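# Residue-level structure breakdown
The lines below spell out each chain.
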Amino acid sequence: MQKKFTKDLSRTIKELKKKRNAVILVHNYQLPEVQDIADFRGDSLELSRVAATTPAKVIVFCGVHFMAETASILSPDKKVIMPDVHAACPMANMITAAQLRTLRKEHPRAIVVGYVNTSAEVKAELDVCCTSTNAVAVVNAFKDAKEVIFVPDKYLADYVSRKTGRKLISWDGFCPTHMRITAEDIKREKEFHPFAKVLVHPECRPDVVAMADAALSTSQMAKFAQNDPAKEFIIGTEVGIIYRLKQDNPTKEFYAASEAAVCPNMKRTTQEKVVWSLETLKQEVRVSDDIRRRAKKAIDRMLEII
Ligand code: CIZ
Ligand code: SF4
């Protein structure tokens, strides 16, 4: 019964998509039922780039709020809607534009680098944006800077600092989902699966990152899993990506480092909500022109570096 219902919904979604000239963009951490109706799956930057180039007029963004904002910043002429606009990123909400302005005042000579997991208002205060894929390259591009501020993720800052050999002025932000993955988890999974490679996200705690074979963004994990000869992988990031990894690599095995690494905000979006958003064209995510222009500068500067 449940299966038939899901099938009907996906057919409805297909019809509505056509009617609305819409494209469905789905983040790697979304529920399987949402991944199943994706036109594109990826990380936030990959999806924003699709948003900017697609001929569709409506973007249904299945992810969290800052991601939909980023898509809207890069494609202001399109209507970006979220099936659940309350899907927020707690890490992005750990720093405000006013707090960042104060930090900048305390370090007037610093270059301000900000993770993509920030609100549009915070992006408008940055010199340059970065993602977990390119954070090291972005910081390396400012060799002459006397000081570098890196917000909001203290663990990603720690990882970048180690990789670049630079001291960074960081903020006390973190991802509550990646925090749940512990060194104990990695140790246990390695005992269960001694031949598996350990891939973790750099949002993980430093002791977890230190035990990994590689620290990678989700887009990098997807590529690594496809290209590496290993047949088994322990995955230290939000568990949603495992569904995609298994689909992309049916002959390989993927084990969650911790089943507790679930982002409740990423799980708010469902097929029912996608139907509702396509029917009503809600909830629209828009960024005011002034914020958009300033935030776009920080994103464009990143895109010039990578
Ligand atoms: O940028 C993204 O999509 C995030 C936050 C995670 C990742 O590494 O893909
Ligand atoms: Fe934010 Fe963490 Fe959820 Fe990603 S997994 S959206 S960083 S809370």
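Numbering of residues begins from 1 in every chain and follows the order in which that chain's sequence is written. Starting at A for chains and at 1 for ligands, labels are handed out in the order in which the entities are written. Confidence filtering applies because this is a predicted model: local features only for residues at pLDDT of at least 70, side-chain atom pairs given and counted only at 80 or more, and all residues used for totals across whole chains, interfaces and linings. Computation of side-chain values: all heavy atoms of the structure, hydrogens and water removed.

With that settled, consider the nonpolar core. Taken as a class, soluble globular proteins show a tendency for nonpolar side chains to be buried jointly. Buried Ala, Val, Leu, Ile, Met, Phe, Trp, Tyr and Cys residues form a nonpolar core when they are joined through side-chain atoms within 4.5 Å. Working definition: with a 1.4 Å probe on protein chains only, accessible area under 20% of the residue-type maximum means buried, over 50% means exposed, and in between means partly exposed. Ranked by size, the top nonpolar core spans 93 residues in total, and within it Phe61, Phe150, Val200 and Ile235 carry the most contacts. Considering each element in turn, this core owes the most residues, 6 residues, to helix α4 (residues 65–74). If we skip the residues at most four places from it in the chain, Phe150 touches Val113, Cys130, Ala135, Val139, Leu156, Ala157, Val160, Leu168, Ile169, Ser170 and Trp171. Counting residues in each nonpolar core, the second largest holds 15 residues, with Leu16, Ala22, Ile37 and Val275 among its members. A run of H or I in DSSP becomes a helix once it reaches four residues, and a run of E becomes a strand once it reaches two; helices and strands are each numbered from the N terminus. In this analysis, two residues are considered to be in contact whenever any of their non-hydrogen atoms come within 4.5 Å of each other.

To continue, consider the pairing of strand β7 (residues 147–151). Regular strands show a simple pattern: their side chains alternate between the two faces of the sheet. Counting buried residues in β7 gives 4 out of 5 residues, a clear majority hidden from the surface. In the sheet, strand β5 (residues 110–115) pairs with β7 via 5 bridges, with the strands oriented parallel. Bridge pairing links Val113 to Phe150 in β7. Strands qualify as paired when DSSP identifies two bridges or more between them. Examined bridge by bridge, β7 and strand β8 (residues 169–170) share 2 bridges and lie parallel to one another. Paired with Ile149 across the bridge in β8 is Ile169. When the strands point away from the viewer, a crossover counts as right-handed if the path from the first strand over the helix to the second runs clockwise. Taking the sense of rotation as the criterion, the β-α-β connection linking β7, helix α8 (residues 154–164) and β8 turns out right-handed.

Here we come to the site of ligand 2. Taken together, the residues surrounding ligand 2 are Tyr29, Val64, Cys89, Pro90, Asn117, Cys175, Glu203 and Cys263. When residues are sorted by character, Ala, Val, Leu, Ile, Met, Phe, Trp, Tyr, Cys and Pro go into the nonpolar class, Asp, Glu, Lys and Arg into the charged class, and all the rest, Gly among them, into the polar class. Here the residues of the shell around ligand 2 are counted per class, giving 6 nonpolar, 1 polar and 1 charged. Residue proximity to a molecule or strand is established when one non-hydrogen atom of the residue lies within 4 Å of it.

So, on to the domain arrangement of the protein chain. What the domain assignment lists for the protein chain is domain 1 (2–88 + 266–286), domain 2 (92–174 + 290–305) and domain 3 (181–256). Each domain's limits were defined by an automated method or a database of domain assignments. On a C-alpha basis, the centroid separation for the pair domain 1 and domain 3 is 26 Å. At the boundary of domain 1 with domain 3, total buried surface from both sides reaches about 1000 Å², with 43% on carbon and sulfur atoms. The largest per-residue losses of area from domain 1 upon contact with domain 3 belong to Asn28, Tyr29 and Arg41, which jointly make up 54% of the total buried on that side. Residue Glu238 pairs with Lys267 through a salt bridge whose shortest N-O separation is 3.1 Å. Under the rule applied, a polar contact is a pair of N or O atoms within 3.5 Å (in protein, one hydrogen donor and one hydrogen acceptor; residues adjacent in sequence only if both atoms are side-chain atoms). One can count 9 residue pairs in polar contact (both at pLDDT 80 or more) joining domain 1 with domain 3. Elements supplying a minimum of two residues to the side of domain 1 that touches domain 3: α2 (32–35) and β2 (40–42). Looking at the side of domain 1 that touches domain 3, its residues break down into 2 nonpolar, 4 polar and 5 charged. Here the quantity called buried area is the total loss of accessible area, with a 1.4 Å probe, experienced by two parts when brought into contact, counted for both. For this document, the term salt bridge refers to a Lys or Arg side-chain nitrogen within 4 Å of an Asp or Glu carboxyl oxygen.

All right, on to the packing of aromatic side chains then. Classification of ring pairs uses Phe, Tyr and Trp, with its six-membered ring standing for Trp, and accepts pairs whose centres are within 6.5 Å; under 30 degrees between planes counts as stacked, over 60 as edge-to-face, and the remaining range as tilted. Scanning the model with the defined rule gives 1 aromatic pair in all. Relative to Phe254, the ring of Phe233 has its centre 5.3 Å away and its plane inclined at 10 degrees; by these criteria the two rings are stacked. Here the residue Phe233 occupies a position in strand β11 (residues 232–236), and Phe254 occupies one in strand β12 (residues 253–256), the gap between them amounting to 21 residues. Here Phe233 and Phe254 have matching classes, each one buried.

Residues in contact with ligand 1, as listed here, are His27, Tyr29, Asp43, Ser44, Met67, Tyr115, Val116, Asn117, Ser132, His201, Ser217 and Thr218. Take His27: an N or O atom from its side chain is 2.6 Å from an oxygen atom of ligand 1. Here Ser132 contributes a side-chain N or O atom positioned 2.9 Å from an oxygen atom of ligand 1. Where accessible areas are quoted, they stem from the Shrake-Rupley method and a 1.4 Å probe; at the residue level, only the protein chains shown are allowed to cover. Relative to its unbound accessible area of 270 Å², ligand 1 is 97% covered by the protein chains. Tallied by class, the residues present in the shell around ligand 1 amount to 4 nonpolar, 7 polar and 1 charged.

Relative to the helices and strands, Arg166 is located in the loop between α8 and β8. Salt bridges are absent for the buried Arg166, whose nearest opposite-charge side chain, Asp144, sits at 7.5 Å. Not counting residues within four places of it along the chain, the set of residues in contact with Arg166 comprises Val139, Phe142, Lys143, Ala145, Lys146, Val148 and Ser161. Residues scored as charged are limited to Lys and Arg (positive) and Asp and Glu (negative), so that His and the chain ends carry no count.

Okay, the sheet that holds strand β1 (residues 22–27) next. Within a sheet, adjacent strands bond to each other through the backbone by hydrogen bonds, running parallel or antiparallel. Taken together, the 4 strands give an open sheet; going across it, the order is β2-β1-β3-β4, and neighbouring strands pair in parallel fashion. Both outer strands of the open sheet, β2 and β4 (79–81), are each paired with one neighbouring strand and no more. Taken over all neighbouring pairs, the strand axes of this sheet differ in orientation by 25 degrees on average, direction set aside. The pairing of β1 with strand β3 (residues 58–62) spans 5 bridges and is classified as parallel. In this analysis an axis means a line fitted to C-alpha atoms, helices contributing only their contacting stretch, and an angle means the value between N-to-C directions, from 0 to 180 degrees.

Our focus in this paragraph is the pairing of β11. Of all 5 residues in β11, 5 are buried, a share of seventy percent or more. Burial along β11 is two-sided: Glu232, Ile234 and Gly236 and Phe233 and Ile235, pointing in opposite directions, are all buried. Of the pairings in the sheet, the one linking strand β9 (residues 197–200) to β11 comprises 4 bridges and is parallel in character. Note that in β11 the partner of Val198 across the bridge is Ile234. Where β11 lies against β12, 4 bridges are found, and the strand directions are parallel. The residue bridging Ile235 from the neighbouring strand is Ala256, located in β12. Crossover β11 to β12 through helix α12 (residues 241–248) is right-handed.

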